[in-house]
Amino acid sequence: AAHAFFRLGYGLVWAFALFLLYRTPPVFELSFMFAATGTLVCEYSLDVALFGQLESLESTRADKVGTLMFLLNSILVFVVRLYYMRKAVVGMQRGKAAFSEVWKTVLDEESVELARLDKLVSNIHKSTNPSKRARQLGSAAVAGILKGGGGKVTNPSQSTGGLRGMMRH
C-alpha cells in the first residue's frame, strides 16, 4: 500500500509541476523546484512508511541524491537568472534617462507632427474591427482616416499618391 501511495503522490507532484510549467513558462525553475521538493517528500514519506524512519545520509539511495541535485540546480538557475535580470534593469536605467531627455526635446520640437500621428493611430484603432483580419490601407484610406472619415474610400481616384501625398493633407 505504501508503494501505491508513493506512486500516486509522485504522479500528482509531477502532474502539478507540468501544469505550473505550462501556466508560468517564464519562471520554469519554480515548477522544477516544486517537482524536486515534492519528489523528495514522497521518497522520504515512503521510507517512513516502509522502515519507520528516514534513511541516514550515508545510506541514501542515488535517486534521492539525484533529486536533491535537481532541486539545487533549479535554485541555482533561478538565482543566477534573477541576478542577471536585475543587472540588466540597472544597466537600462542609464539609457532610459538619456532617452527620456532626447524624447522630451522631440516632444517639444515636433508636437504638431506627433499630435497628427496620434490622431492617425487613434482613428485606425477605432476603425479596426478586432474580429476582422488586419489589412494594409491604401493611401486614400489613410488620408480619410486622418480627416476622421474612418478610412472608407468610395472613389479609388481619390488616391493621394502614397505616404508623401498623405502627408501634404
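Everything below is about the structure printed above this text.
Residues numbered from 1 in each chain as written. Predicted model: local features only at pLDDT ≥ 70, side-chain atom pairs only at ≥ 80, totals over all residues. Heavy atoms only, no water.

Novice: Help me out: how do you make sense of the pattern of salt bridges in this one?
Specialist: If charged atoms from side chains of opposite charge come close, those side chains can pair. Within this structure, the stated rule accounts for two salt bridges. Glu29 is paired through a salt bridge with Arg81; the nearest N and O atoms lie 2.8 Å apart. With Glu29 in helix 2 (residues 28–51) and Arg81 in helix 3 (residues 62–109), the pair connects residues that are 52 residues apart, well separated along the chain. Between Asp47 and Lys64 there is a salt bridge; the shortest N-O distance is 1.8 Å. Taken as a pair, Asp47 in helix 2 and Lys64 in helix 3 lie far apart in primary sequence, 17 residues in all. Both residues of the pair, Asp47 and Lys64, count as buried. (Salt bridge = Lys/Arg side-chain N within 4 Å of Asp/Glu carboxyl O. Helix = DSSP H or I, 4+ residues; strand = E, 2+ residues; numbered from the N terminus. Buried < 20%, exposed > 50% of the residue type's maximum accessible area, 1.4 Å probe, protein only.)

Novice: Could you clarify how one ought to interpret a nonpolar patch on the surface in this entry?
Specialist: Side chains of Val65, Leu68, Met69, Leu72, Ile75 and Val79 sit close together on the surface and give an oily, nonpolar patch of about 500 Å² of accessible area. Inspection of the secondary structure assignment puts Val65 in helix 3. Residue Val65 is classed as partly exposed on the basis of its relative accessible area of 43%. (Patch = residues over 30% accessible without salt bridge, like charges linked within 9 Å, V, L, I, M, F, W, Y side chains within 5 Å. Areas by Shrake-Rupley, 256 points an atom, 1.4 Å probe, with all protein chains shown as cover.)

Novice: It is not clear to me how the environment of Val106 should be interpreted in this structure. Could you clarify?
Specialist: Mapped onto the elements, Val106 comes out in helix 3. The class of Val106 is partly exposed, set by a relative accessible area of 23%. When sequence neighbours within four positions are dropped, the list of residues in contact with Val106 reads Ser111 and Leu114. (Contact = heavy atoms within 4.5 Å.)

Novice: Help me out: how do you make sense of helix 3 in this one?
Specialist: Turn by turn, an α-helix covers 3.6 residues, leaving residues three or four places apart pointing in a common direction. The end-to-end C-alpha distance of helix 3, which contains 48 residues, comes to 69 Å, matching closely the 70 Å that a straight helix rising 1.5 Å per residue would cover. Residue Gln93 marks the point of greatest curvature in helix 3, where the axis turns by about 25 degrees. Of the positions making up helix 3, those classed as buried are Lys64, Thr67, Leu71 and Ser74. Buried-residue contacts for helix 3 involve helix 2. (Expected span 1.5 Å × (residues − 1). Bend = angle between axes of the 7 residues up to and from the residue.)

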